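# Reading the structure
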Amino acid sequence: MAGKDPYAGIEYDEINEVTGLEVDEIKCLKNCFDLFDSKKQEFLSADDLDEILRAMGFRPSKEELIAILEEIDEDGSGEIEFGEFCQLCAKFLVEDPDIETMKRELKDAFRIYDKDGEGFITMDTLRGLISELLSPLTPEELDGIIAELDEDGSGTMDFDEFCEMMMSAPE
């Protein structure tokens with residue numbers, strides 16, 4: 001038995017133009033929106049948004065939340081319709097983290113693999129990590145990745161090289 005199309009009436013092009021979100025991201029947000037719109041009112045209360053964003057993994061400060069709400073809820077109604085919800089979520093989905101936050105997170109990740117605190121990760125450790133993350137890889141593919149990462153042939157990767165690897169876009 002076919003039910004009502006949950007995506008009927010969504011203005012994908014309009015939302016994409018305003019937010020930069022792709023169709024699959026918009027559909028995912030529609031599912032989230034519908035879950036939180038339990039009364040089926042077609043809007044969410046501004047009071048609920050902090051809880052909603054946290055449930056979705058976002059961690060805005062109170063000040064950030066107030067500023068975002070003021071920007072999104074232009075008419076001051078306190079009601080966030082689906083298009084406004086997409087604009088709000090796009091701020092967190094599309095925005096890049098600041099460089100200091102990224103470096104801190106990379107430093108924490110680096111420490112996990114620099115088990116002895118020597119300031120570098122061995123290529124053996126990196127080989128294990130890459131083969132786990134990118135499996136299945138052939139030994140030749142893994143060797144190629146390692147050779148590319150170990151440009152100076154030192155057999156190690158220091159924090160700066162780690163940052164460069166993690167922050168470079170895949171080719």
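Check the entry above for the structure.
The present account deals with the structure reproduced in this document. Keep in mind that what you see is a predicted model, and the values were worked out from it rather than measured.

Let us look at the overall build of the protein chain. For the protein chain, the helix and strand inventory stands at 9 helices and 4 strands. Beginning at the N terminus, the succession of helices and strands in the protein chain can be written as α-α-β-α-α-β-α-α-β-α-α-β-α. In the protein chain, which comprises 171 residues, the share counted as buried stands at 29%. Across the protein chain, the fraction of contacts at a sequence separation of at least 24, relative to all contacts at a separation of at least 6, is 55%. Total accessible area on the protein chain is roughly 11600 Å²; 50% of this is exposed by carbon and sulfur atoms.

With respect to the element layout, D37 can be found in the loop between α2 (23-36) and β1 (44-45). In this structure, D37 is buried with no salt-bridge partner, the nearest side chain bearing the opposite charge being K40 at 5.8 Å. Looking at D37, its side chain comes within polar contact range of the main-chain nitrogen of E42, at 2.8 Å. Ignoring any residue separated from it by four or fewer positions in sequence, one finds D37 in contact with E42, F43 and L44.

Turning our eyes to something else, we now look at the packing of helix α1 (residues 12-19) against α2. At a closest axis distance of 10 Å, the pairing of α1 and α2 adopts a crossing angle of 100°. One element, α1, and the other, α2, form an angle in the roughly perpendicular class. Here α1 contributes Y12, I15 and N16 to the contact with α2, which in turn contributes V23, I26 and K27. The class makeup of the residues in the contact of α1 with α2 is 4 nonpolar, 1 polar and 1 charged.

Analysis parameters
Residues numbered from 1 in each chain as written. Predicted model: local features only at pLDDT ≥ 70, side-chain atom pairs only at ≥ 80, totals over all residues. Heavy atoms only, no water. Helix = DSSP H or I, 4+ residues; strand = E, 2+ residues; numbered from the N terminus. Buried < 20%, exposed > 50% of the residue type's maximum accessible area, 1.4 Å probe, protein only. Contact = heavy atoms within 4.5 Å. Areas by Shrake-Rupley, 256 points an atom, 1.4 Å probe, with all protein chains shown as cover. Lys, Arg positive; Asp, Glu negative; His and termini not counted. Salt bridge = Lys/Arg side-chain N within 4 Å of Asp/Glu carboxyl O. Polar contact = N/O pair within 3.5 Å; in protein donor to acceptor, adjacent residues only side chain to side chain. Axes fitted to C-alpha atoms, helices over the stretch in contact; angles between N-to-C directions. Parallel < 35°, antiparallel > 145°, perpendicular 65-115°, else oblique. Nonpolar A, V, L, I, M, F, W, Y, C, P; charged D, E, K, R; others polar.

Read these as spatial facts, not as claims about activity.
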